[in-house]
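Residues per chain are reported as follows:
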Amino acid sequence: MAPRIPRRETLAFSLLVAVSLILLRSAIVVAEPELQIVDAERRIDLTSHIITVFLTLKVENSGASPASEVLLAFPPNQADKLATLKAALTVGKKKKKYTALDVNPKLPDGPNGTKYFGVALQKPLGEGESATLEILYILTHSLEPFPVEISQSESQLVYYRDSALILSPYHIKQQTTFIKTPSRRVESYTNVEPTKHAGVELKYGPYTDRAPHSFSPIIVHFENNNPFAVAEELVREVEISHWGSVQVTEHYKLVHAGAHHKGVFSRVEYQGRPSVSGASSFKELLARLPPRVHSVYYRDDIGNISSSHLRVDSRKSELEIEPRYPLFGGWKATFVIGYKLPLEDFLYVSPDGRRYLNFTFGCPLVETLVDKLTIKVILPEGSKDPSLVAPFPVKQHLETSYSYLDVVGRTVVVIEKENVVPEHNVPFQVYYKFNPIFMLAEPLMLQRESDVQN
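Described in the following lines is the structure provided in the data block.

Rules behind the numbers
- Residues numbered from 1 in each chain as written.
- Predicted model: local features only at pLDDT ≥ 70, side-chain atom pairs only at ≥ 80, totals over all residues.
- Heavy atoms only, no water.
- Helix = DSSP H or I, 4+ residues; strand = E, 2+ residues; numbered from the N terminus.
- Buried < 20%, exposed > 50% of the residue type's maximum accessible area, 1.4 Å probe, protein only.
- Contact = heavy atoms within 4.5 Å.
- Areas by Shrake-Rupley, 256 points an atom, 1.4 Å probe, with all protein chains shown as cover.
- 1 Å grid on protein atoms, 1.4 Å probe; cavity = no way out; pocket = protein on both sides within 12 Å on 5 of 7 lines; lining within 4 Å.
- Points joined across faces, edges and corners; volume = space filled by probe spheres on them.
- Nonpolar A, V, L, I, M, F, W, Y, C, P; charged D, E, K, R; others polar.
- Pairing = 2+ DSSP bridges.
- Axes fitted to C-alpha atoms, helices over the stretch in contact; angles between N-to-C directions.
- Phe/Tyr/Trp six-rings, centres within 6.5 Å; stacked < 30°, edge-to-face > 60°.
- Lys NZ or Arg CZ within 6 Å of the ring centre and 35° of its normal.
- Salt bridge = Lys/Arg side-chain N within 4 Å of Asp/Glu carboxyl O.

**Topic: the overall build of the protein chain**
A count of helical and extended segments in the protein chain gives 4 helices and 31 strands. Here the protein chain, with 454 residues, has 43% of them falling under the buried criterion. A fraction of 74% describes how many contacts in the protein chain between residues 6 or more apart in sequence connect residues 24 or more apart. Carbon and sulfur atoms form 53% of the exposed surface of the protein chain, whose accessible area is close to 24,500 Å².

What follows is the structure, given as structure tokens:
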């Protein structure tokens with residue numbers, strides 16, 4: 001049996017361990033870089049239902065240890081509705097040079113559920129050094145209609161909730177926030193001195209010497225009659241044919257996400273007083289398509305819809321579409337847009353011999369939020385080893401589809417992403433291997449069928 005350690009020695013050892021942990025923790029705290037924000041300017045654009053925020057931070061290291069990361073803080077209600085977050089290091093005043101920086105979520109959460117994102121600096125900030133960061137983030141579903149129901153002749157009013165002070169884990173010496181509204185009509189706003197309202201702009205600040213995690217809730221109640229177009233679901237099928245074309249088919253489930261319409265809809269009043277009746281509704285949408293588009297169609301469950309106009313030039317194509325009826329708050333529309341594109345504009349060969357599709361992610365409809373986007377890239381039969389290169393995190397998996405005269409089926413690369421905004425309309429690539437001998441499969445099958453019939 002092992003000898004027992006005396007109680008007095010046990011207590012002494014426990015005390016020694018506790019003191020060591022306290023000293024170690026103090027050393028860690030001392031080693032952490034001490035950052036402060038010398039100046040901060042935030043500009044919030046509320047002219048659309050998709051909110052764009054530009055944040056400029058001048059960060060200074062007032063400690064002795066170098067700082068390789070700057071933390072950004074968001075309240076939980078904003079972090080859940082964050083569609084995109086980008087950061088760049090800027091140098092110069094007149095002709096600024098931008099260097100993109102990596103941004104990643106950080107754990108654990110801060111006080112009151114604050115969510116952190118870390119901006120990785122390319123070069124650590126030494127003692128007394130400073131850097132200017134420009135942050136872009138986009139919020140969705142952040143405007144709350146009030147009243148929640150309006151009649152055909154009423155304008156749409158919405159609430160926007162935020163803080164007059166910029167939420168940050170650092171001390172901020174000076175800060176100012178500007179809020180831009182779609183019109184001069186602002187019903188009410190929270191006053192946090194100094195606050196100024198002039199025209200379509202609200203100015204909060206400047207505020208000086210605010211402690212870390214300072215927060216001052218504000219509510220702005222204003223008019224916003226811009227279309228609240230939301231695609232609850234969008235499925236884009238991009239089918240590659242090595243015989244010379246790319247066929248694109250887009251299935252939309254669209255909703256007007258603004259204040260719900262109440263009462264009876266009067267088309268006579270709507271057409272007789274278009275500037276007053278149905279001010280927040282929308283009766284047309286604009287889709288920006290690639291250049292050299294052709295064979296365009298626009299239809300719904302009933303059939304083809306003729307109320308569309310296509311404008312094509314060498315740089316872009318624009319398709320104006322009109323649903324069968326104007327969309328008021330809460331109303332929905334389901335439709336399909338299809339078109340063909342020249343293969344040589346989108347399919348390339350990489351140096352290692354693989355072929356790859358270079359196509360645009362996102363939604364072609366202007367100022368449209370997509371709650372759930374699915375892109376299905378249908379590769380030619382016989383394609384092997386597909387791989388996706390996307391500029392941001394997405395979900396992906398493979399499927400197999402069968403078309404006319406297919407034998408083994410076609411590989412389909414399925415890409416999924418939620419909360420998609422126009423900022424996501426950037427190129428992505430799908431690489432694959434292909435043996436040209438498979439191009440003979442369909443002609444041979446057609447020849448065989450013709451020989452059998454003869």
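What follows continues from the structure just given.
**Structural notes on the environment of Ser277**
With respect to the helices and strands, the residue Ser277 is situated in the loop between α3 (267–272) and β20 (285–289). Sequence separation of Ser277 and Ser153 is 124 residues, and the distance between their C-alpha atoms is 4.5 Å. For Ser277, the contacting residues outside a window of four places in its chain are Gln152, Ser153, Glu269 and Tyr270.

**What about the layout of surface pockets?**
Approximately 830 Å³ is the volume found for the largest pocket. In terms of lining, the largest pocket is formed by 22 residues, of which the most central are Ala83, Thr84, Phe392, Pro393 and Lys417. Listed by contribution, the elements that provide at least two residues to the lining of the largest pocket are β4 (82–91), β6 (103–106) and β30 (410–420). Considering every element that reaches the lining of the largest pocket, the biggest residue donor is β4, with 5 residues. Split by residue class, the lining of the largest pocket holds 12 nonpolar, 3 polar and 7 charged.

**Section: the sheet that holds β6**
Strand order in the open sheet formed by 3 strands is β3-β7-β6, with antiparallel pairing between adjacent strands. Whereas interior strands pair on both sides, the edge strands pair on one side only; in this sheet they are β3 (67–74) and β6. The mean inter-strand angle of the sheet, taken between neighbouring strand axes irrespective of direction, is 35°. Note: β3 against strand β7 (residues 115–125), 7 bridges, orientation antiparallel. Paired with Leu71 across the two strands is Gly118, which belongs to β7.

**A closer look at the packing of aromatic side chains**
Applying the stated criterion across every chain yields a total of 16 aromatic pairs. Ring geometry for Tyr252 against Phe335: centres 4.9 Å apart, planes inclined by 20°, an arrangement best described as stacked. Taken together, the residues span a long stretch of sequence, with Tyr252 in strand β18 (residues 245–256) and Phe335 in strand β24 (residues 332–342) at a distance of 83 residues. Note on Phe361 and Phe392: the rings are 5.1 Å apart at their centroids and 75° apart in plane angle, and the pair reads as edge-to-face. With Phe361 in the loop between β26 (355–360) and β27 (369–378) and Phe392 in the loop between β28 (384–389) and β29 (395–401), this pair connects stretches of sequence that are 31 residues apart. In textbook terms, an aromatic cluster arises when at least three aromatic residues are bridged by ring pairs, as seen for Phe265, Tyr270, Tyr325, Phe328 and Trp331. Over the ring of Phe178 we find Arg43; its NZ or CZ atom is 4.1 Å from the centre of that ring.

**Here's the deal with empty space enclosed by the protein**
Applying the stated criterion across every chain yields a total of 1 cavity of 30 Å³ or more. Considering only enclosed or pocket space, the largest cavity measures out at about 170 Å³ in volume. Leu55, Ala73, Tyr137, Ile166 and Leu167 are, among the 19 residues lining the largest cavity, the residues nearest its centre. Of all the elements in the fold, those that place two or more residues in the lining of the largest cavity are β2 (51–61), β3, β8 (130–139) and β11 (157–163). In terms of residue class, the lining of the largest cavity is built from 14 nonpolar, 3 polar and 2 charged.

**Details of the pairing of strand β22 (residues 308–312)**
The pairing of β22 with strand β23 (residues 317–321) spans 5 bridges and is classified as antiparallel. Across the sheet, Leu310 pairs through a bridge with Leu319, a residue of β23. Linking two consecutive strands that pair antiparallel, namely β22 and β23, is a turn of 4 residues.

**Some details on the pattern of salt bridges**
Considering all chains together, one arrives at 23 salt bridges under this definition. A salt bridge links Arg410 to Glu239, with the nearest nitrogen and oxygen atoms 2.8 Å apart. Here the residue Arg410 occupies a position in strand β30, and Glu239 occupies one in strand β17 (residues 229–241), the gap between them amounting to 171 residues. Overlapping salt bridges bring together Arg288, Arg311, Glu318 and Glu320 as one network.

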